[in-house]
Every structure is written in C-alpha cells, then in structure tokens.
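Remarks on the overall topology
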Amino acid sequence: MVNHRYLGNSGLKISEITYGNWLTHGSQVENDAAKACVRAALDVGITSFDTADVYANTAAETVLGEALAGVRRESTEIFTKVYWPTGPGGPNDCGLSRKHIMESIDGSLRRLRTDYVDLYQAHRYDTETPLAETMQAFADIVRQGKALYIGVSEWTADQIRAGHALSKELGFQLISSQPQYSMLWRVIEPEVVPTSRELGMSQIVWSPVAQGVLTGKYVPGQPLPAGSRATDEKGGANMIKRFMNDDVLARVQGLRPIAAELDLSLAQLAVAWVLQNDNVAAALIGASRPEQVVENAKASGVTIPAELLARIDEVLGDA
Ligand code: NDP
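First, a word on scope: everything that follows refers to the structure included in this document. (Residues numbered from 1 in each chain as written. Predicted model: local features only at pLDDT ≥ 70, side-chain atom pairs only at ≥ 80, totals over all residues. Heavy atoms only, no water.)

Summarising burial for strand S5 (residues 77–82): six of the six residues are buried, a large majority. Side-chain alternation along S5 places Glu77, Phe79 and Lys81 on one buried face and Ile78, Thr80 and Val82 on a second face that is also buried. Inspection of the sheet shows S5 paired to strand S6 (residues 117–122) by four bridges, in the parallel sense. Each bridged residue has a counterpart across the sheet, and for Lys81 the counterpart in S6 is Gln121. The β-α-β motif built from S5, the intervening helix H3 (residues 98–112) and the parallel element S6 has right-handed crossover chirality. (Buried < 20%, exposed > 50% of the residue type's maximum accessible area, 1.4 Å probe, protein only. Helix = DSSP H or I, 4+ residues; strand = E, 2+ residues; numbered from the N terminus. Pairing = 2+ DSSP bridges. Right-handed = clockwise from strand over helix to strand, strands pointing away.)

Moving on, we come to the packing of aromatic side chains. In the structure shown here, the tally under the stated rule is seven aromatic pairs. Measuring from ring centre to ring centre gives 6.5 Å for Tyr19 and Phe49, while their planes differ by 85°; the resulting arrangement is edge-to-face. Residue Tyr19 is found in strand S3 (residues 17–20), and its partner Phe49 is found in strand S4 (residues 48–50); the two are separated by 30 residues along the sequence. Since its relative accessible area comes to 1%, Tyr19 is described here as buried. The exposure class of Phe49 is buried, given its relative accessible area of 0%. Here the basic side chain of Arg242 rests over the ring of Trp185, its NZ or CZ set 5.5 Å away from the ring centre. (Phe/Tyr/Trp six-rings, centres within 6.5 Å; stacked < 30°, edge-to-face > 60°. Lys NZ or Arg CZ within 6 Å of the ring centre and 35° of its normal.)

This is how it looks when you write it as structure tokens:
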C-alpha cells in the first residue's frame, strides 16, 4: 500500500503517490476508463487526488467528482487549482483577483461534489493582481471552510517567500508548491526546494515520469505506441514534445540496467527518484489506464542507493 507523508509542517497526511487527471479525464480517456483509474488508485491506497478547473475546461473536475461519489470524504484528500479562464473570456476570467478566486472556488466545489477541498492552489503567479489581494481572498476561503489548506504552483522562490509571509500575517500558511520535477526536469533544486524547506512547505511534483518519456516506451527509431500521449491530438502530443528527441529517448533506455538492479520498471524508478527528495510530499502521477496506476504506485517506499543515484546522473548527463 502507498505510504503517506506530511504536507509541509502541517498535520495533513497525503499519499506520497497522488493521482492527477490533466489531459486524461474529460479528454484523452473515456469516462469509464477514467473511473477505473480512480478505482485502481483507491485500491492501491492512493487517497490524494489532484485536478484543476482548467483541465478539459472543467470536465476533469466533473469526472473526478463523479468517480469519487460515494467514497468516504474523510478518507480522501482532494486538491484543485485556480488561475486560468474556464469561461467565455470575460475581463476577470483569468488570474488571482479576489473576484476570480471567489467565483472559481464555488464552481470547483460544485463540480467536485464536495463542500470543501483539502488543498486549493494558485495554478500560476499573477503579476498583475496585488499579492495582498490574492492572499486575503485565500485567507477568507480558508475561514469560510471551502479550502482547508492553500498552496501554489510554479511560483519562484521569491514569490513563494512573499506569499508565505503575507499568509502568516493573515492567519494561515502557504503549505505547498506544485512544480514540475523529474529526472529530466530539475529546475526546483537550487532555489525552490531550499526556500520551501526553510518555510515549512512541501513540493507536490508533477510529471514525475515526464509524461511517459521516463517509462522507456518511446524508443528512437520505433513507431510511437498507439494510444499514448505522444499520439494524443487532443493536447497531449503538443505537451510531451519538449522531451521527444532521440538523444533524450536514447539516454532513458540507458537507465534500464539501473532499474533492473532494483527490480523496478523504468516508470517505478522515475517515480521513486522524485520521492528520494525529502522535500517532496508526493509524486503526482497521471495515468491513462488502471495498470499504470498499479505499476507506478509500487514506487512508494522504494529506496534508491546513493551509488545508483549517481549512476542515473551519469547516464542522463545534461539531457
Ligand atoms: P506523468 O509524468 O505521471 O505522466 C503520465 C502519463 O504517462 C500517463 O497518462 C501515461 O500516458 C504515461 N504513463 C504513466 N505511467 C506509465 C506506465 N507505467 N507505462 C506506460 N505509460 C505510462 O504525469 P502527468 O504529466 O500526467 O502529470 C500528472 C499530474 O500532475 C496531472 O494530472 C496534474 O494533476 C499535475 N500537473 C500539474 C501541472 C501544474 O501546472 N501544476 C501541470 C501538469 C500536470 P499515455 O498512456 O497516454 O502515454
């Protein structure tokens, strides 16, 4: 079963493998398959679920709400996000103004069929709205009981520090940062991780298998696997292309002997790798089918020895 970790210095435990539904629910994946993935997640002990209002233009929240209907609310942690427009494009449909936040949380709660989310996250930083206005809106949402904890996503270390200071003044505390992090994307290591550690915040990291690239299923010179994200014309193909070059794909194949030494699949090695960082509270995995959830969840509790971590760095180089 999947282990749990504390989110920052709070008392909230989240499953260190969290299931997210970007690009899949309401888009690439039919609703039955989406629900089967959520069921598989629950069966392996995943209790935390991440979505956003903007995923599939609100449909992802709706599908997740349906999939979790009837599941004991106290046994799950539901995370969603606000920032991007989901409406027809009114002047206040984007960003972190008080108006957009207050309207968005109510839509998310309705679609998710819940009275509160465990974690409400600023999907991006808003350079146009005063940070104090944004943090006051979050403070009020916490006070109203619509969100229990507040986090951010893809904020720089300086933005996190400023938001955290304001949150403390307002009687709550920013608790998490949600950045991209994988063996192929290590941007957060020099600044975001040390700052978060100092402030008592955790990372919930997205795309730990680099959208499928670190599973090793994309092999240079071979056709793309049918039904994979790289072939998904609804959006996935565009998102994954940053990793789809022969040099990166060949280096990933070079990780196979390391995974074999640990008796892991490449996907499990990649998920376990992000969990070696003690500032990471959860690896946020996606899946288009239940078998992927079951496979990747087995990365929970795996220790990768330092010698193998060094060999991973050698194989990947500056990929
Ligand atoms: P992953 O890196 O886990 O990629 C998931 C995809 O990789 C799956 O949908 C599947 O795609 C493929 N895959 C996963 N496991 C396997 C396996 N064992 N074998 C073969 N293929 C596999 O993460 P995502 O990019 O999906 O992101 C995860 C979550 O992170 C999102 O759902 C969302 O919650 C969050 N996120 C947050 C962002 C933010 O800005 N805050 C941005 C992006 C994501 P397929 O089968 O189609 O090839």
